[in-house]
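Each chain, letter by letter, is given below.
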Amino acid sequence: MTLLTRERSAVLRRRIRGIVAITIVWNVIEAMISLLAGHAASSAALIGFGLDSVVEVLSAAAIAWQFASPTPERRERTALRVIAFSFFGLALYVTADALLTLFGVQQPEHSPVGIVIAGLSLVVMPVLSWFERRTGRELGSASAVADSKQTLICTYLSAAVLVGLLLNSLLGWGWADSVAALAIAVFAVREGIEAWRGDACCASSAATAIAADETEDERHDDCCAPHGAPH
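On a predicted model such as this, the values are computed, not experimentally measured, just so you know.

Mind laying out the overall build of the protein, listing which residues take part and the relevant values?
From N to C terminus, the protein includes seven helices and zero strands. N-terminal to C-terminal, the α/β element order of the protein is α-α-α-α-α-α-α. Buried residues in the protein amount to 48% of all 231 residues. Sequence-distant contacts in the protein: of pairs separated by 6 or more residues, those separated by 24 or more amount to 78%. Of the roughly 11000 Å² of accessible surface on the protein, 68% is carried by carbon and sulfur atoms.

Next comes the structure, spelled out in structure tokens:
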């Protein structure tokens with residue numbers, strides 16, 4: 001059973017690296033388009049969305065760095081810290097930009113490009129998040145699960161940004177853009193705190209299970225499982 005368990009672990013690690021690679025490519029494209037469109041339209045929400053994509057790249061890169069090691073559990077805590085700091089930096093910048101819009105320093109304009117990219121993200125991000133979270137939980141990686149949550153945030157933010165951009169374009173509600181941006185900041189702070197509080201319990205338990213010839217059903221580690229989920 002030890003050989004089979006180690007093989008499964010290797011498969012899951014390769015899968016995470018693949019998910020991370022796809023996430024990085026998508027978010028680099030998303031960040032470039034969002035930041036350019038946001039700057040052109042003076043949209044705090046769209047700029048925040050683009051910066052969130054940058055954070056997503058940093059987060060995915062931290063996971064790629066972690067799983068490039070033959071013993072990724074040793075890099076777990078550092079990867080979580082990188083993810084947390086990325087969230088906090090995003091929240092700080094987006095809040096400042098949103099306040100500038102609310103106080104009339106800048107006025108957001110219509111952005112059809114922003115609407116399209118936010119809509120596409122609303123489709124792509126949930127798939128990547130679900131796949132990475134499922135893999136991370138099976139492997140027992142707290143950082144992979146944290147990264148999947150960051151990707152899931154991109155889904156929520158896509159919806160918030162899309163609504164804000166549409167309200168501004170259709171009804172001229174410039175404040176809706178700032179509200180969407182502040183929603184990004186709130187999500188970022190919450191997830192940053194969760195990542196900061198996370199630890200390597202999942203990865204450690206997974207490594208212990210492999211060494212002890214335990215199967216997935218024999219492990220009772222629920223640190224990465226959703227609250228209230230059956231075990």
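Back to the write-up after that little detour.
Can you break down the pattern of salt bridges residue by residue, with the values?
According to the stated counting rule, one finds one salt bridge in the structure shown. Among the ionic pairs, R8 bridges to E138, the shortest N-O distance being 2.7 Å. Of this pair, R8 sits in helix 1 (residues 2–41) while E138 sits in helix 4 (residues 112–139), placing them 130 residues apart in sequence. In this structure R8 comes out as partly exposed when scored by relative accessible area, which is 34%. The class of E138 is partly exposed, set by a relative accessible area of 23%.

If you had to explain the environment of V20 to someone new, which residues and values would you point to?
Here V20 lies in helix 1. The class for V20 is buried, based on a relative accessible area of 2%. In contact with V20, other than residues within four places in its own chain, are A60, I63, A64 and E132.

Quick rundown of helix 6 (residues 174–197)? Include the residues and the values.
If you check helix 6, its first and last C-alpha atoms are 36 Å apart, about what 24 residues at 1.5 Å a residue would give, namely 34 Å. Three or more residues of helix 6 are buried, namely G174, A176, D177, S178, A180, A181, I184, A185, A188, E191, G192 and A195. In the core, the buried residues of helix 6 are packed alongside helix 2 (44–67), helix 3 (76–102) and helix 5 (142–171).

Can you break down the packing of helix 4 against helix 5 residue by residue, with the values?
Contact geometry of helix 4 with helix 5 gives a least axis separation of 8 Å together with a crossing angle of 160°. The orientation of helix 4 with respect to helix 5, classified from their angle, is roughly antiparallel. In this structure, helix 4 meets helix 5 at a crossing whose hand is left-handed.

Could you give an account of the nonpolar core, naming the residues involved and the relevant values?
By size, the foremost hydrophobic cluster in this structure holds 42 residues, and its most contacted members are I16 and V161. The set of elements that each furnish at least two residues to this core consists of helix 1, helix 2, helix 3, helix 4, helix 5 and helix 6. Here the element with the most residues in this core is helix 5; it accounts for ten residues.

Give me the lowdown on the packing of aromatic side chains, citing residues and values where you can.
Evaluation of the coordinates by the stated rule reveals three aromatic pairs. Look at W130 and F131: their rings are 6.2 Å apart centre to centre, the planes differ by 15°, and that puts the pair in the stacked class. In this structure W130 comes out as exposed when scored by relative accessible area, which is 51%. Assessed through its relative accessible area of 34%, F131 is described here as partly exposed. Between W173 and W175, the ring centres sit 5.4 Å apart and the planes meet at 20°, which makes this aromatic pair stacked. When the ring centre of W196 is taken as reference, the NZ or CZ atom of R81 above it lies at 4.0 Å.

With reference to specific residues and values, describe the environment of A195.
Inspection of the secondary structure puts A195 in helix 6. Sequence separation between A195 and K149 is 46 residues, and the spatial gap between their C-alpha atoms is 9.4 Å. In contact with A195, not counting residues within four places along its chain, are L80, R81, I83 and A84.

Residue-level account of unusual backbone geometry, with values.
Even without being glycine, S42 reaches a positive phi, approximately 55°. Mapped onto the secondary structure, S42 falls in the loop between helix 1 and helix 2.

Please give an account of the environment of R14 that cites residues and values.
Here R14 lies in helix 1. Sequence separation of R14 and F67 is 53 residues, and the distance between their C-alpha atoms is 8.4 Å.

Can you explain helix 2? Please cite residues and give values.
Here helix 2 spans 34 Å end to end across 24 residues, near enough to the 34 Å set by a 1.5 Å rise per residue. Extensive coverage of helix 2 is indicated by the burial of 18 of its 24 residues. The backbone nitrogen of L46 lies 3.0 Å from a side-chain oxygen of the residue at the head of helix 2, namely S43.

Rules of the game
Residues numbered from 1 in each chain as written. Predicted model: local features only at pLDDT ≥ 70, side-chain atom pairs only at ≥ 80, totals over all residues. Heavy atoms only, no water. Helix = DSSP H or I, 4+ residues; strand = E, 2+ residues; numbered from the N terminus. Buried < 20%, exposed > 50% of the residue type's maximum accessible area, 1.4 Å probe, protein only. Contact = heavy atoms within 4.5 Å. Areas by Shrake-Rupley, 256 points an atom, 1.4 Å probe, with all protein chains shown as cover. Salt bridge = Lys/Arg side-chain N within 4 Å of Asp/Glu carboxyl O. Expected span 1.5 Å × (residues − 1). Axes fitted to C-alpha atoms, helices over the stretch in contact; angles between N-to-C directions. Parallel < 35°, antiparallel > 145°, perpendicular 65-115°, else oblique. Left-handed = near helix turned anticlockwise from the far one by under 90°. Core = buried A, V, L, I, M, F, W, Y, C linked by side-chain atoms within 4.5 Å. Phe/Tyr/Trp six-rings, centres within 6.5 Å; stacked < 30°, edge-to-face > 60°. Lys NZ or Arg CZ within 6 Å of the ring centre and 35° of its normal. Polar contact = N/O pair within 3.5 Å; in protein donor to acceptor, adjacent residues only side chain to side chain.

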